[in-house]
Amino acid sequence: MALDTITQAFRDRAERAAALDARVLFDMGGDGVVLLDGRQNPAAVSNAREAADCTITLSMQDMQQMLAKEVDGQTLFGMGRLSVDGDFAVAMRLSDVFGG
């Protein structure tokens, strides 16, 4: 799964993300970023590295597994494979975006 495929997966979930009322940056290191701006309805999705309320750092492989519902963010966090910088409460609400 390439960055453009991951970005499209976020766009497909944009309606659910508007409830976040926050900007979240998913940083996959050298593989790129996805910025989810849940302050808009529907949420805006881009690959811009901009300021966010919360930054989630993880590998592209782990992001792919999350999107495929093979693993959830809490499990990755507990395993030390996902880190959160900024508003942790926003990160906790991301299950609404990745669920169902």
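Higher on the page you've got the structure.
This structure is a prediction, so every number in the text was calculated from the model and none was measured.

### Some words on the overall build of the protein
Okay, step 1: The helix and strand inventory of the protein stands at 6 helices and 5 strands.
Okay, step 2: When the helices and strands of the protein are placed in sequence order, the string is α-α-β-β-β-β-α-α-β-α-α.
Okay, step 3: A globule of 100 residues ought to have a C-alpha radius of gyration of about 13 Å, and the protein, at 12 Å, matches this closely.
Okay, step 4: Expressed as lengths along the three principal axes of its C-alpha atoms, the size of the protein is roughly 30 × 25 × 25 Å.

### Quick look at the nonpolar core
Okay, step 1: By size, the foremost hydrophobic cluster in this structure holds 29 residues, and its most contacted members are Phe-10, Phe-26, Leu-36, Ile-56, Leu-58 and Met-63.
Okay, step 2: Where this core is concerned, the elements lending two or more residues are helix H1 (3-12), helix H2 (14-17), strand E1 (23-27), strand E2 (33-37), strand E4 (54-58), helix H3 (60-67), helix H5 (88-92) and helix H6 (95-98).
Okay, step 3: Among the elements that take part in this core, H3 stands out by supplying 4 residues, more than any other.
Okay, step 4: Not counting chain neighbours up to four residues away, the residues in contact with Leu-58 comprise Phe-26, Asp-27, Met-28, Met-63, Met-66, Leu-76, Arg-81 and Leu-82.

### Thoughts on the environment of Ala-91
Okay, step 1: Counting through the fold element by element, Ala-91 comes out in helix H5.
Okay, step 2: The class for Ala-91 is buried, based on a relative accessible area of 14%.
Okay, step 3: In the structure, Ala-91 is positioned 76 residues away from Glu-15 in sequence and 17 Å away in space, judged by C-alpha atoms.

### Some words on H3
Okay, step 1: Taken across its 8 residues, H3 has 6 buried, putting it largely inside the fold.
Okay, step 2: Among all positions of H3, only Met-60, Asp-62, Met-63, Gln-64, Met-66 and Leu-67 are buried.
Okay, step 3: Those residues of H3 hidden inside the fold are in contact with H1, E1, E4, helix H4 (73-78), strand E5 (82-86) and H6.
Okay, step 4: Downstream of H3 by a residue or two, Lys-69 has a phi angle that is positive, lying close to 60°.

### Description of H1
Okay, step 1: All of the buried residues in H1 are Ile-6, Thr-7, Ala-9 and Phe-10. Burial along H1 is one-sided: seen end-on, the buried residues are contained in an arc of 155°. Residues of H1 that are exposed and point more than 90 degrees away from the buried face comprise Asp-4 and Asp-12.
Okay, step 2: Those residues of H1 that are buried lie in contact with H2, E1, E2, strand E3 (44-46), H3 and H6.

### Quick notes on the environment of Ala-51
Okay, step 1: Along the chain, Ala-51 turns up in the loop between E3 and E4.
Okay, step 2: Those residues in contact with Ala-51, other than ones at most four positions away along the chain, are Arg-23 and Leu-35.

Calculation rules
Residues numbered from 1 in each chain as written. Predicted model: local features only at pLDDT ≥ 70, side-chain atom pairs only at ≥ 80, totals over all residues. Heavy atoms only, no water. Helix = DSSP H or I, 4+ residues; strand = E, 2+ residues; numbered from the N terminus. Rg over C-alpha atoms; globule rule 2.2 N^0.38 Å. Core = buried A, V, L, I, M, F, W, Y, C linked by side-chain atoms within 4.5 Å. Buried < 20%, exposed > 50% of the residue type's maximum accessible area, 1.4 Å probe, protein only. Contact = heavy atoms within 4.5 Å. Arc of directions from axis to C-beta.

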